[in-house]
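# Results of the structural survey
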Amino acid sequence: MKTTFALVDCNNFYVSCERVFSPHLDGRPVIVMSNNDGCVVSRSDEVKALGIGMGQPIYQVRDIIRQNNVALYSSNYTLYGDMSRRVMETLGQFTPDIEIYSIDEAFLDLGGMPAADYAVLGQRIQETVKQWTGIPVSVGIGTTKTLAKLANQLAKRFPRTGGVLDLTDSSRLPNALASTPVEKIWGVGPRFTRRLRRAGIRNGLQLHDADDRWIRHVRGVMGLRTVHELRGITCFALDESPPPRQGIAHTRTFSRRVTRLDELREAAAAYATRAAEKLRQQKMAAGVVTIFVMTNLFEAKPRRFFKTRTFELPTPSSDTTVLIHLATRGVEEVFREGYEYKKAGVLLNSLVPEEQAPRSLFDSENWVRSRTLMQVIDSLNARYPSGTVGFAAAGLERTWQAKFRLRSPRFTTCWEELPVVRAS
DNA sequence: TCTGGGGTCCTAGGACCC
DNA sequence: TCTGGGGTCCTAGGACCC
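Described below are features of the structure shown in this document. (Residues numbered from 1 in each chain as written. Chains lettered and ligands numbered in written order. Predicted model: local features only at pLDDT ≥ 70, side-chain atom pairs only at ≥ 80, totals over all residues. Heavy atoms only, no water.)

Let us now look at the overall build of chain A. Per the secondary structure count, chain A includes 13 helices and 12 strands. Scaling as 2.2 N^0.38, a compact globule of 424 residues should have a C-alpha radius of gyration of about 22 Å, and chain A matches this with 24 Å. Principal-axis analysis of the C-alpha atoms gives chain A an extent of 65 × 65 × 50 Å. Residue burial in chain A is summarised as follows: out of 424 residues, 44% are buried. (Helix = DSSP H or I, 4+ residues; strand = E, 2+ residues; numbered from the N terminus. Rg over C-alpha atoms; globule rule 2.2 N^0.38 Å. Buried < 20%, exposed > 50% of the residue type's maximum accessible area, 1.4 Å probe, protein only.)

Below you can see the structure in the form of structure tokens.
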């Protein structure tokens, strides 16, 4: 039996989240910025029309922003994460066969539905999500994930589709493929695009017809799978329960240049704290800790510096104090005087489920104590504003910490920041 | 002056072994 | 100047994704 996938994708997701709670932004150009308010990560249609690119540094578009009265927002991941959960729960009403692919996208397996109904179903999904969450979505339907992605893009590109496009009818496929530049195909990145264009392959249809052996040669099995998917052969199945994470990372750019060891040490401790929290949320323990520090990448060579240090733990741990200890020690070892550091990070690897983590016979008492302490800290930080209980090693002032100057309130997850409605 | 963060998968090549 | 042939495991780096 042929499978049928729908890809539901939230339109300009972060911007749409802001608009749910600030309806006056409708029709006005809106940008959501990355951490540290550095570059553009979400754009309203009006901003796209102004020619502002995804990922563009804010300082490059200051003039356009001013001249066009663009509304600027810092990232509010608490809000976006919660809105995402609402959208996904709504999608779950339509089928249990759902893969949450990213914060703003999900694949649905429509296997059981009769073919004539796909577009109608897509419209119902769209209307329901809009009504229940306020978020506008586009729905693309195809016989493989790659084709569902393609359908979704076309649904967004052509307003007359109303944001829903069914490409399972194979007679429409050649046209759809031919009108799509090759770099817009899911799985084709900048590198592969250059290679394809040199070979005269410019659109999706030409890629669909490309020679298998040549594709295998220049882009390996992943490239071949993408081409097969364009032909309707399923290579990427619906993944309803993604395997547990292989690694957890917390890396951040500083708000300013950092030159002192004690500040870097603070940052490492703060990042280790966050990484350990994520680790415990997933009920995992880490066997390997890596830290890195680096200067500005855009700096000229002699002023550029990047160094990492990796530790293997005797037994996997999710204890913040253990991870802070290693992270700060790592920073001390790699620190080199005379550089201006711009970014640091803590990476946790060799993850194992917490309960399976082997532990020595002799410190089971310590283990229980450590776990109890972590549970208390986590529950306090869940109940009261995050960071209520912290570690002194992570510093108090944290003047190096990235700023979110233009962040909207956490409307849906924080009692103090609920939206206020006035009736008159 | 100002340029994000967090992932996955695959491949090539080295180390090591028989 | 010659200097086997595999296999496995691990790591670094490339490419891609949102």
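What follows is about the pattern of salt bridges. Note that side chains of opposite charge can pair when their charged atoms are close. Overall, the coordinates contain 24 salt bridges when judged by the stated rule. Its salt-bridge partner being Lys156, residue Asp9 comes within 3.5 Å of it at the nearest N-O pair. Taken together, the residues span a long stretch of sequence, with Asp9 in strand E1 (residues 5-10) and Lys156 in helix H6 (residues 145-157) at a distance of 147 residues. Using a relative accessible area of 38% as the deciding quantity, one classes Lys156 as partly exposed. In this structure, Glu183 and Arg197 form a salt bridge, with 3.0 Å as the shortest nitrogen-oxygen distance. Taken as a pair, Glu183 in the loop between helix H7 (173-178) and helix H8 (190-198) and Arg197 in helix H8 lie far apart in primary sequence, 14 residues in all. Assessed through its relative accessible area of 35%, Glu183 is described here as partly exposed. Owing to a relative accessible area of 37%, Arg197 belongs among the partly exposed residues under this scheme. Linked through salt bridges whose partners overlap, the residues forming this network are Asp82, Arg85, Arg86 and Glu89. (Salt bridge = Lys/Arg side-chain N within 4 Å of Asp/Glu carboxyl O.)

On to the state of the cysteines. Evaluation of the coordinates by the stated rule reveals 0 disulfides. With no disulfide of its own, Cys10 lies closest to Cys17 among cysteine sulfurs, the gap being 7.3 Å. Cys414 forms no disulfide, and the closest cysteine sulfur to it belongs to Cys17, at a distance of 17 Å. (Disulfide = S-S within 2.5 Å.)

Turning our attention to the pairing of strand E12 (residues 341-353). As defined by bridge partners, strand E9 (residues 248-258) adjoins E12 across 7 bridges and the pair is classed as antiparallel. Across the sheet, residue His250 finds its bridge partner in E12, namely Val346. One ladder, built from 11 bridges, connects strand E10 (residues 284-295) with E12; its direction is antiparallel. Bridging across to E12, Met284 finds its partner in Pro353. (Pairing = 2+ DSSP bridges.)

Glancing now at the pairing of strand E5 (residues 98-102). Here 4 bridges tie E5 to strand E6 (residues 105-109), and the two strands are oriented antiparallel to one another. Across the sheet, Glu99 pairs through a bridge with Phe107, a residue of E6.

In a beta sheet, neighbouring strands are held together by backbone hydrogen bonds and run either parallel or antiparallel to one another. The strand order across the open sheet built from 5 strands is E5-E6-E1-E7-E8, with neighbouring strands paired in mixed fashion. Bordering the open sheet on either side are E5 and strand E8 (164-166), each of which pairs with just one other strand. Across the sheet, the axes of successive neighbouring strands diverge by a mean angle of 15 degrees, strand direction being ignored. Pairing of strand E7 (residues 137-142) with E8 involves 3 bridges; the strand directions are parallel. Residue pairing in the sheet places Gly140 in a bridge with Leu165 of E8. (Axes fitted to C-alpha atoms, helices over the stretch in contact; angles between N-to-C directions.)

Another aspect to go through is the protein's contact with DNA strand C. Around DNA strand C there are 14 residues in total, and Ser102, Lys149, Gly187, Arg191 and Phe192 lie nearest to it. Here a sugar or linking oxygen of DNA strand C and a side-chain polar atom of Ser102 are 2.6 Å apart. Within the side chain of Asp104, an N or O atom sits 3.0 Å from a sugar or linking oxygen of DNA strand C. Sorting the residues of the surface near DNA strand C by element identifies E5 and H8 as the ones contributing at least two each. When residues of the surface near DNA strand C are assigned to their parent elements, the largest contribution, 3 residues, is made by H8. (Near = heavy atom within 4 Å. Polar contact = N/O pair within 3.5 Å; in protein donor to acceptor, adjacent residues only side chain to side chain.)

Turning next to the packing of aromatic side chains. Counted by the stated rule, this structure contains 15 aromatic pairs. When the centroid spacing of 6.1 Å and the interplanar angle of 80 degrees are considered together, the rings of Tyr271 and Trp400 count as edge-to-face. Within this pair, whereas Tyr271 is found in helix H11 (residues 261-281), its partner Trp400 is found in the segment after helix H13 (364-383), the two being separated by 129 residues in sequence. As far as burial versus exposure is concerned, Tyr271 and Trp400 are alike and both buried. When the ring centre of Phe107 is taken as reference, the NZ or CZ atom of Lys145 above it lies at 4.9 Å. Positioned above the aromatic ring of Phe192, the side-chain terminus of Arg219 is 5.9 Å from the ring centre. (Phe/Tyr/Trp six-rings, centres within 6.5 Å; stacked < 30°, edge-to-face > 60°. Lys NZ or Arg CZ within 6 Å of the ring centre and 35° of its normal.)

Functional significance is not addressed by these values, which are geometric in nature.
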